[in-house]
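Residues per chain are reported as follows:
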Amino acid sequence: MSVDSEKLSTLLHETRSFSPSDEFRAQANFNDETIYERAANDPEAYWALQAEQLTWFQPFENVLNWEPPHAQWFVGGKLNAAYNCVDRHAVGPRKNKAAIIWEGEPGDSRVLTYDMLRREVDKAAHALKGLGVQKGDRVTIYLPMIPELPISMLACAKIGAIHSVVFGGFSSKSLQQRLEDADAKVLITADGGWRRGGVIPLKANADEALSATKVENVVVVRRVGDSAGATMQEGRDVYWHDLMAKAPTTPFEAEPMDSEDILYLLYTSGTTGKPKGIVHSTGGYLTGANTSMRSVFDIKDEDVWFCTADIGWVTGHTYIVYGPLSAGATVVMYEGGPDYPGRDRFWEIVEKYGVTIFYTAPTSIRTFMKWGPEHPAAHDLSTLRLLGTVGEPINPEAWMWFHQHIGNERCPIVDTWWQTETGCAMIAPLPGIVPTKPGSATRAVPGIDVDVVDEHGQSVGFENGGYLVIKKPWPSMLRTVWGDDERFRNTYFGKFEGIYLPGDGAHLDEDGYVWILGRIDDVINVSGHRIGTAEVESALVSHSSVAEAAVIGRSHDIKGQAITAFVTVREGIETNQELVAALKQTVVEKIGAMARPEEIIFTAELPKTRSAKIMRRLLRDIAEGRVLGDTTTLADPSVVESLKSQYKEAD
Ligand code: ATP
Ligand code: MG
């Protein structure tokens, strides 16, 4: 669907605004507002200055070569990502600083200082090299959230091998597709992983996935033990601990990589269709990740950083591994589910380790809302000083809940808009400078040029919505789609010459703030009004009974499309016809009659990707009685089945 000559409507008007406190502003890494203007006037100079925060083995000669759609950043420079994340901190004052504080789901824990992390990464690099892994080879990593996961990634980076992390929740089929697409030489996995007290049989999944691939060796971390039921194949499989025990303990010399050499591949979440192998470079990517830690996340040496994402997603790559470690930060890494053993597990972790910065997803916040504020209230969260969100538009009411119940109305919230493809946060407030508004990611970070345009690439101004675009190249942008440069060109640069198209709809308000309206593919057309999903969903979530909502357009004889809303209520709320009427009325009051849902379906769960994003295309398939599209990235297929039968009954 395209935005066409008619523009996207903007309906919801949010008037609340929160300015940084004087105290926060005074201590912030970035607190000089002129940085925006200076970066806009000379983005290359800005990025070159940021790149100098990294350690280069050989300085770059040229900041940017731009032959649309291909960019090269920091040309001629040589560096190593693992060296920047580990080695350079393992000497001097950070040597014995905690790099990773890991908490296992069953309650075990492990702390790796920068020096200990260096030794582990070096042993793993020796071990992988011993298996024949060379610079440029692909190593697929299919691990739970255990320290061996970042250690493996950094070991690959140290050798110059390209890692491709596949989320541990993926099935064998999804793993197989990704192994084949990347043409991986080695797979690193575990016997199993813990999830909510149960065991995910990773090795068994891997065995099934491997039959048709060219993988030569499988390295198996023993995490669960005998109950995982893993079997080893002679000659192909080897235990991680055996390899590590035999590996030399001498330092492993970091491979000097060209700035443009590939650091990793990562397949996108698959919310909209077949996953793409996104290719990230070394110098540009690391510059973006490192810069945003200092600017958006205001990282300091004293901070304790906790990002709740899984490393299997880009958020974990950038904000558990490469961003915080390149900045020499202390990272809390948690293995399991947020409700295991209790619904206060995250808050218990925050209290236990004195977390200062907490970064999570709107979907988690809506779940916390559903569970109720008594869970965070049972813990001391006073160490927190900054909060962040990523992954989906955050409904203003979810933002307010986060602000009140987690941030104690004291912590700035950075809503960060970005994608696997962008490598790091693109639209987000600098928390010491930019006043926030609940539901808006505010403005592009310094050095990033975003706009909202119509079908012809013209800016739409403040009245209407349109296509979100990024008009200039940036260091951490994807370099291509692995093995499919044509798809890269068409998907991201096919619509507007030399301008990056993320695929999201957005509008700008009178202060120039960006409001994401939802994915362009999900736009609803009711009687000629084009409506993004985010605003209608936020209106529904503003009702005190609602925890979560997803809206879609279903074909309708008269209106073109009618809105169907799928709604999850908060704990203890009764669902009945009065509530249906009240919710429709809320939408009418908040945004207008044209957005009134034709029908409201209550559901205990919404279909989500394994990265916990709502999959509206499947809801459309259900509402229109179609055969369901690609469901391989669905977290829980039973949700769709029950919705299908429920939908038939409601008809
Ligand atoms: P695929 O591209 O395979 O369909 P995906 O788009 O879900 O999957 P990601 O790269 O993980 O894969 O997600 C990026 C998308 O998530 C963005 O394009 C946007 O739609 C949404 N998103 C991320 N952060 C925000 C945010 N802060 N506000 C609004 N939307 C966001
Ligand atoms: Mg996407």
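Model, not experiment: these values are computed from the prediction.

1. Considering the overall build of the protein chain
Within the protein chain one finds 20 helices and 31 strands. Across its three principal axes, the protein chain shows a C-alpha extent of roughly 70 × 55 × 50 Å. Relative to its full complement of 651 residues, the protein chain shows a buried share of 65%. For the protein chain, contacts bridging at least 24 residues in sequence account for 72% of all contacts bridging at least 6. In the protein chain, 64 positive and 88 negative side-chain charges are present, and the distance between their average locations comes to 2 Å.

2. Observations concerning the packing of aromatic side chains
Under the defined criterion, the tally for this structure stands at 37 aromatic pairs. On the numbers, 5.7 Å between centres and 70 degrees between planes, the contact of F170 with W313 is edge-to-face. Of this pair, F170 sits in the loop between β8 (162–165) and α7 (172–182) while W313 sits in the loop between β17 (304–307) and α11 (314–326); the two residues are 143 residues apart in sequence, bridging distant segments of the chain. We classify F170 as buried; its relative accessible area is 3%.

3. A short note on the UniProt feature "modified residue: N6-acetyllysine" (unreviewed entry) in the protein chain
Summarizing the sequence annotation, UniProt attributes the feature "modified residue: N6-acetyllysine" (unreviewed entry) to K613 in the numbering used throughout. Within the element layout of this structure, K613 appears in the loop between β31 (599–602) and α19 (616–623). Polar contacts involving the side chain of K613 include one to the main-chain carbonyl oxygen of G391, which spans 3.1 Å.

4. What about the pattern of salt bridges?
On inspection of all chains with the given rule, the structure shows 46 salt bridges. Its salt-bridge partner being R38, residue D32 comes within 3.3 Å of it at the nearest N-O pair. We classify R38 as partly exposed; its relative accessible area is 46%. One network of salt bridges, in which partners are shared, links D87, D115, R118, R119, D122 and K158.

5. Considering the sheet that holds strand β13 (residues 237–239)
As summarised here, the arrangement of the 8 strands in space is β13-β12-β9-β7-β8-β15-β16-β24, forming an open sheet in which the pairing is mixed. Looking along the sheet, the strands with just one partner apiece sit at the ends: β13 and β24 (480–481). Sheet topology note: the strand β9 (residues 186–190)/strand β12 (residues 217–221) ladder contains 5 bridges and is parallel. Note on β12: the bridge partner recorded for I188 is V219.

6. Focus on unusual backbone geometry
Residue P69 is reached from P68 by a cis peptide bond, and omega for that bond is 0 degrees. By secondary structure assignment, the location of P69 is in the loop between β2 (62–67) and β3 (70–75). Omega for the bond connecting Y340 with P341 falls within 30 degrees of zero, at -5 degrees, which places this linkage in the cis form. Inspection of the secondary structure puts P341 in the loop between β18 (330–334) and α12 (345–353).

Calculation notes
Residues numbered from 1 in each chain as written. Chains lettered and ligands numbered in written order. Predicted model: local features only at pLDDT ≥ 70, side-chain atom pairs only at ≥ 80, totals over all residues. Heavy atoms only, no water. Helix = DSSP H or I, 4+ residues; strand = E, 2+ residues; numbered from the N terminus. Buried < 20%, exposed > 50% of the residue type's maximum accessible area, 1.4 Å probe, protein only. Contact = heavy atoms within 4.5 Å. Lys, Arg positive; Asp, Glu negative; His and termini not counted. Charge placed at Lys NZ, Arg CZ, Asp CG, Glu CD. Phe/Tyr/Trp six-rings, centres within 6.5 Å; stacked < 30°, edge-to-face > 60°. UniProt positions renumbered as here; feature names shortened; annotations may be inferred. Polar contact = N/O pair within 3.5 Å; in protein donor to acceptor, adjacent residues only side chain to side chain. Salt bridge = Lys/Arg side-chain N within 4 Å of Asp/Glu carboxyl O. Pairing = 2+ DSSP bridges.

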